[in-house]
Amino acid sequence: MQRFIKSSARHHDRITCFPPKRTFSSASVTQLQQNDVSSSTPRHETKSMNFFTAINEAMSIALETDPTAIVFGEDVAFGGVFRCSQNLREEFGTDRIFNTPLSENGIAGFAIGYAATGGTAIGEIQFADYIFPAMDQIVNELAKFRYRSGNQWNAGGVTLRAPCGAVGHGGHYHSQSPEAYLAHTPGLTVVMPRGPIAGKGLLLSSIRSKDPVIFLEPKALYRASVEQVPTGDYMTELGKAHIMRQGGDVTVVGWGGQLRVLQSACDLAKDRYGIECELIDLQTILPWDKETIEKSVLKTGKLVVSHEAPITCGFGAEIVASIQESCFWNLEAPIRRVCGYDTPFPLVFEKHYVPDELKNLEAIRAVAEASK
């Protein structure tokens with residue numbers, strides 16, 4: 001497959017055929033943990049950013065440090081539906097930032113082919129609800145590319161971004177959370193950040209990973225979530241959960257936009273009932289950080305897992321099954337899941353469908369009382 005990329009927006013006369021070997025400059029890259037940012041002596045200058053601005057900055061850094069990196073998808077050249085790719089075409093040129101036809105299967109296949117030649121492919125699926133037409137390419141080609149060749153070649157340079165989750169008015173075709181479908185596929189890395197700091201670091205790690213990554217972005221956070229984000233080039237470790245708050249009574253686990261809900265539920269549990277929750281952001285769905293959750297449950301003896309996706313075969317079921325197997329004799333109460341219902345995502349009934357802070361508060365209180 002032939003690919004043409006211009007070396008930069010300022011040198012439109014220099015065109016190379018096929019990308020050079022996939023590399024990036026590591027001189028200024030820092031491995032950052034979120035608690036470093038909140039330190040009284042931060043190692044990075046910070047700037048107030050919302051979620052989509054942090055995603056935009058991560059892609060800009062990736063394009064700047066990796067000459068093979070390209071960004072493509074439906075409407076991305078115009079900035080994208082959520083403006084995540086705004087100004088990238090003007091900065092890096094039309095041969096590195098470009099629109100595709102309305103074909104998710106084509107976007108995924110295109111990404112695989114480009115990465116197989118050594119390039120870094122950053123594709124966008126405009127809404128995660130429409131990733132399903134691309135599942136054949138993702139599951140049967142992307143995830144198995146390295147394995148079926150005996151590690152002779154790979155498509156590890158692929159990152160597919162996809163906005164996901166409830167947004168207040170999306171209905172059943174613009175609100176779904178497909179992480180469990182994707183996590184059932186060996187060979188993929190599946191990531192869902194909770195906000196701007198994690199989003200930027202996790203996206204840069206995903207783009208530079210040697211494995212293909214599906215990067216799910218909770219679209220309700222694009223403008224609502226604002227943090228002081230380090231302005232430099234940093235990466236957050238994939239496959240590592242983050243303990244957002246310490247507590248000794250109940251372990252509470254979630255990911256993505258659900259962490260805002262769980263933070264509120266944990267605050268209510270403390271204020272109303274004196275329950276100290278240990279809140280954990282999984283961050284990476286596949287591979288997931290079992291060790292961090294195990295250590296917490298061994299301390300608290302109780303676990304609540306919450307996600308927006310339907311409860312049956314949701315990824316919370318995998319966590320519950322694994323933790324009850326490894327921590328059974330330390331559990332003081334049945335593990336609780338607080339999830340979406342087993343229905344198509346409703347429009348007018350969204351507020352009843354989503355696992356809000358009060359539903360999670362009730363689960364936290366129930367496991368705390370069951371252990372008395």
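Analysis parameters
- Residues numbered from 1 in each chain as written.
- Predicted model: local features only at pLDDT ≥ 70, side-chain atom pairs only at ≥ 80, totals over all residues.
- Heavy atoms only, no water.
- Axes fitted to C-alpha atoms, helices over the stretch in contact; angles between N-to-C directions.
- Helix = DSSP H or I, 4+ residues; strand = E, 2+ residues; numbered from the N terminus.
- Parallel < 35°, antiparallel > 145°, perpendicular 65-115°, else oblique.
- Left-handed = near helix turned anticlockwise from the far one by under 90°.
- Contact = heavy atoms within 4.5 Å.
- Nonpolar A, V, L, I, M, F, W, Y, C, P; charged D, E, K, R; others polar.
- Buried < 20%, exposed > 50% of the residue type's maximum accessible area, 1.4 Å probe, protein only.
- Core = buried A, V, L, I, M, F, W, Y, C linked by side-chain atoms within 4.5 Å.
- Expected span 1.5 Å × (residues − 1).
- Arc of directions from axis to C-beta.
- Pairing = 2+ DSSP bridges.

A word on the packing of helix 10 (residues 258-273) against helix 14 (residues 357-370)
Phase 1: At their nearest, the axes of helix 10 and helix 14 sit 8 Å apart, and the two run at 50° to each other. Between helix 10 and helix 14, the angle is such that the two are oblique. For the element pair helix 10 and helix 14, the recorded crossing hand is right-handed. Residues Q258, V261, L262, S264, A265, L268, A269, R272 and Y273 of helix 10 touch helix 14, and the partners they reach there are E357, L358, N360, L361, I364 and R365.
Phase 2: For the contact of helix 10 with helix 14, a count of residues per class yields nine nonpolar, three polar and three charged.

Overview of unusual backbone geometry
Phase 1: Here the amide bond leading from L286 into P287 is cis, since omega sits at -5°, within 30 degrees of zero.
Phase 2: The topology assignment puts P287 in the loop between strand 16 (284-286) and helix 11 (290-300).
Phase 3: Even without a glycine there, the phi angle at R83 is positive, about 70°.
Phase 4: Position of R83 relative to the elements: it lies in the loop between strand 5 (69-73) and helix 3 (88-92).
Phase 5: Under the relative-accessibility criterion, R83 is labelled partly exposed at 30%.
Phase 6: Even without being glycine, N87 reaches a positive phi, approximately 70°.
Phase 7: Residue N87 is classed as exposed on the basis of its relative accessible area of 53%.

What to know about the environment of P287
Phase 1: On the accessibility criterion, P287 (45% relative accessible area) is partly exposed.
Phase 2: The spacing of P287 and K240 is 47 residues in sequence and 8.6 Å in space, taken between C-alpha atoms.
Phase 3: Beyond its immediate sequence surroundings of up to four residues, P287 is in contact with T189 and G239.

Re the packing of helix 4 (residues 104-116) against helix 5 (residues 135-142)
Phase 1: The contact between helix 4 and helix 5 brings their axes to 8 Å, and the two run at 30°. Relative to helix 5, helix 4 is oriented roughly parallel. Residue-level contacts link N105, A108, G109 and I112 of helix 4 to Q137, I138, E141 and L142 of helix 5.
Phase 2: Considered class by class, the residues forming the contact of helix 4 with helix 5 number four nonpolar, three polar and one charged.

A few points about the nonpolar core
Generally speaking, nonpolar side chains in soluble globular proteins are found buried as a group.
Phase 1: Within the largest apolar cluster, 49 residues are counted, with the highest numbers of intra-cluster contacts made by I138, L160, L216, L282, I293 and I319.
Phase 2: No other element matches helix 4, which puts six residues into this core.
Phase 3: Those residues in contact with I319 that sit more than four places away from it in its chain are V253, W255, L282, W288, I293, L303 and V305.
Phase 4: Membership of the second largest hydrophobic core comes to 29 residues, among which are F82, F127, V191 and Y222.

Quick look at helix 10
Phase 1: Its 16 residues place the ends of helix 10 22 Å apart at the C-alpha level, agreeing with the 22 Å of an ideal helix rising 1.5 Å per residue.
Phase 2: Listed in full, the buried residues belonging to helix 10 are Q258, L259, V261, L262, A265, C266 and A269. With its buried residues spanning 150° around the axis, helix 10 presents them on a single face. Turned more than 90 degrees off the buried face of helix 10, the exposed positions are D271 and R272.
Phase 3: Contact partners of the buried residues in helix 10: strand 13 (242-245), strand 14 (250-254), strand 15 (277-281), strand 17 (303-310) and helix 14.
Phase 4: The first or second residue beyond helix 10 is G274, which carries a positive phi of 70°.

Focus: the sheet that holds strand 15
Hydrogen bonds between backbone atoms are what pair the strands of a sheet, whose relative direction is either parallel or antiparallel.
Phase 1: With mixed pairing, the five strands of this open sheet are ordered in space as 13-15-14-17-18. A strand with exactly one partner marks an edge of an open sheet, and here the two such strands are strand 13 and strand 18 (336-340). For this sheet the average axis-to-axis angle between neighbouring strands, irrespective of direction, equals 25°.
Phase 2: With three bridges joining them, strand 13 and strand 15 adopt antiparallel strand pairing. By the bridge assignment for strand 15, I243 is matched with I280.
Phase 3: Where helix 10 meets the sheet, it contacts strand 13, strand 14, strand 15 and strand 17, and its direction lies at approximately 175° from that of strand 15.
Phase 4: Of the strands in this sheet, strand 14, strand 17 and strand 18 are in contact with helix 12 (residues 315-327), which crosses strand 17 at around 155°.

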